[in-house]
Amino acid sequence: MRVLTAFAMLLLAMPAMPQNFIAAPREFVSVLPMGPAHVVAGRPAVVEVHLRIANGMHVNSHTPSEDYLIPTTITPATAAGVQWGAVEYPAGEMRNFAFSATEKFSVYTGDVTLRLRVTARAGEHATTATLRYQACDNRACYPPKNLPVQLMIVAK
Amino acid sequence: MKRNILVAGIVIVALAVIGWAGVENYRQRQVAQQKQQELESQRVELVPVGPRSTDATTADAAKGDASMGPEMVNKAAPEFNLATPDGAKLSLTALRKQHKALMVNFWATWCVPCKVEMPWLVELEKQYAPQGLEIVGVSEDDPPDAADKVKKYTAKVGAGYPMVLDDGSAVKSFDVQDFPTSFYISADGKVVAQSVGLVGRDEIEANMRKALGGK
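The model shown is predicted, which means the values in this text are computed figures rather than measured ones.

**Remarks on the overall build of chain A**
Across its full length, chain A carries one helix and 12 strands. Secondary structure elements of chain A occur, N-terminal to C-terminal, as α-β-β-β-β-β-β-β-β-β-β-β-β. The buried share of chain A, taken over its 156 residues, is 39%.

**Some details on the state of the cysteines**
Residue and element names in this part refer to chain A. Enumeration according to the criterion identifies two disulfides over all chains in this entry. Two residues, C136 and C141, share a disulfide whose sulfurs are 2.1 Å apart. One quick way to see it: the torsion about the S-S bond of C136 and C141 is about 100°, and its sign makes the bridge right-handed. Comparing C136 with C141, the two get one shared label, buried.

**Overview of the pattern of salt bridges**
Taken as a whole and assessed by the stated rule, the structure comprises 12 salt bridges over all chains. Residue A:D111 pairs with A:R52 through a salt bridge whose shortest N-O separation is 2.8 Å. Separated by 59 residues along the polypeptide, A:D111 in strand β9 (residues 111–120) and A:R52 in strand β3 (residues 45–53) bring together distant segments of the chain. Across the salt bridge formed by B:E205 and B:R209, the nearest N and O atoms sit 3.5 Å from each other. A residue pair is termed a helical-turn pair when its members lie 3 or 4 positions apart in one helix, as B:E205 and B:R209 do in helix α7 (residues 201–211) at four residues. For B:E205, a relative accessible area of 12% gives the class buried. Members of the salt-bridge network, linked through shared partners, are A:E48, A:E88, A:R115 and A:R117.

**Things to note about helix α5 (residues 146–157) of chain B**
Residue and element names in this part refer to chain B. End to end, α5 covers 17 Å across 12 residues, agreeing with the expected 16 Å (1.5 Å per residue, within 8%). Taken together, the buried positions of α5 are A146, A147, V150, Y153 and T154. Along α5, the residues classed as buried sweep out an arc of 145° about the axis, all on the same side. The exposed residues of α5 that point more than 90 degrees off its buried face are D148, K152, A155 and K156. Each element contacted by the buried residues of α5 is listed here: β4 (101–107), α4 (112–128), β5 (133–139) and β6 (163–165).

**A short note on the pairing of β9(A)**
Residues and elements named next belong to chain A. Of the two faces of β9, only the one carrying V112, L114, L116, V118 and A120 is buried; D111, T113, R115, R117 and T119 on the other face are not. Pairing analysis gives eight bridges linking β3 to β9, with the strands arranged antiparallel. Note on β9: the bridge partner recorded for V46 is R117. Bridging between strand β6 (residues 82–88) and β9 involves five bridges; their strand directions are antiparallel. Each bridged residue has a counterpart across the sheet, and for W84 the counterpart in β9 is V118.

**What to know about the sheet that holds β6(A)**
Residues and elements named next belong to chain A. The four strands lie next to each other as β1-β3-β9-β6, forming an open sheet whose pairing is antiparallel. Of all strands in the sheet, those with a lone pairing partner are β1 (29–31) and β6, marking the two edges. This sheet shows a mean twist of 30° between the axes of neighbouring strands, independent of strand direction.

**Brief notes about a nonpolar patch on the surface**
There is a patch of nonpolar side chains on the surface, built from B:V13, B:V17 and B:W20 and spanning about 270 Å² of accessible area. Among the structural elements, B:V17 can be located in helix α1 (residues 2–45).

**Here we look at the packing of aromatic side chains**
Residue and element names in this part refer to chain B. This model, assessed by the stated rule, comprises seven aromatic pairs over all chains. Between the aromatic rings of W107 and Y153, the centroid separation amounts to 6.1 Å while the plane-to-plane angle is 40°, which identifies the pairing as tilted. Of this pair, W107 sits in strand β4 while Y153 sits in helix α5, placing them 46 residues apart in sequence. Summarising the burial analysis for this pair, W107 and Y153 share the class buried. Measuring from centroid to centroid gives 5.7 Å for W110 and F179, while their planes differ by 75°, and the two rings are edge-to-face. On the criterion of sequence distance, the pair formed by W110 in the loop between β4 and α4 and F179 in the loop between α6 (169–173) and β7 (181–185) is long-range, its members being 69 residues apart. Its relative accessible area of 3% is what places W110 among the buried residues. Taking the relative accessible area as the measure of exposure, F179 reaches 0% and is therefore buried. The structure contains a cluster of three or more aromatic residues connected by ring pairs, namely F80, F106, F174 and F183. Looking at K115, its charged tip hangs above the ring of Y153, at a distance of 4.3 Å from the centre.

About the cut-offs
Residues numbered from 1 in each chain as written. Chains lettered and ligands numbered in written order. Predicted model: local features only at pLDDT ≥ 70, side-chain atom pairs only at ≥ 80, totals over all residues. Heavy atoms only, no water. Helix = DSSP H or I, 4+ residues; strand = E, 2+ residues; numbered from the N terminus. Buried < 20%, exposed > 50% of the residue type's maximum accessible area, 1.4 Å probe, protein only. Disulfide = S-S within 2.5 Å. Salt bridge = Lys/Arg side-chain N within 4 Å of Asp/Glu carboxyl O. Expected span 1.5 Å × (residues − 1). Arc of directions from axis to C-beta. Contact = heavy atoms within 4.5 Å. Pairing = 2+ DSSP bridges. Axes fitted to C-alpha atoms, helices over the stretch in contact; angles between N-to-C directions. Patch = residues over 30% accessible without salt bridge, like charges linked within 9 Å, V, L, I, M, F, W, Y side chains within 5 Å. Areas by Shrake-Rupley, 256 points an atom, 1.4 Å probe, with all protein chains shown as cover. Phe/Tyr/Trp six-rings, centres within 6.5 Å; stacked < 30°, edge-to-face > 60°. Lys NZ or Arg CZ within 6 Å of the ring centre and 35° of its normal.

Purely spatial values, then, with no claim about function.
Have a look at this one:
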């Protein structure tokens, strides 16, 4: 009987009203989930980072067509036992937009893969990289963003 | 026995309330997701001459648009006091004392749509300055080279109207998320119209006239 009463009180103490739905902040680029990168210790390898650019959005490629545009970059953090090499960026897609009918820009849209060259010492290395991008759609642009990317490298 | 029945009743009521809360929560999430999807689909289809401009008559209709931020129309324009590219200080109050109406234009050198409208602003500023209108550009370029970038670009397009470099305070107080965004301020210091994203030249001109007291 006491147990039943306590259960009833517990249920009544729980929030009965629905929580207000809070819209998620607008994210223009997301990093697709990735498991640990398995590499051979001491040998050059490649870690791939897969990006998804939101529908209707574009970001400048790594080599934008104008010098005033902010390129997409990924910068791995320094980590003990991990030696980063050059990053391979895909070529941009030359496109024009509603705001630039005559001028084409080198951009990324949809899914994009960045390839990070790495040489790691034997062991597990949890590290990060910073993705920097600047997104626009057909009518407006949005301030540059820095997105942290979690990386796990398992070298054997 | 009666006590057991009472407790059982309380438990049933509690379960019913929790069940209702769960259903209601799910329903609200569905509605919110649907709204979000609608907004996203609008984003894809929007074009420069789209109806992104808001004035006092359409402000209520735009309140549900998440990309607009809190509506500024009919409210007093927030004050700012920011550095110019030459290192001087310029405030909204000072500009208001000198001019009948203002257009506050948030832009950046990395923003291509902003650059599309800038030549229009140069022309319109010349056209409406005699009537008391002034434009002030608020640049969102990041330091340390923001001043150089702004000077270089404004010289290239011949933008002679005042520029200030935002330190993050103006974009916050005006709640600007999209670039370009412009606010049209009348003689009484109130925002009479606001446009988010690239809109047509005619729309910019109409908003300038509104700020000057026309219709």
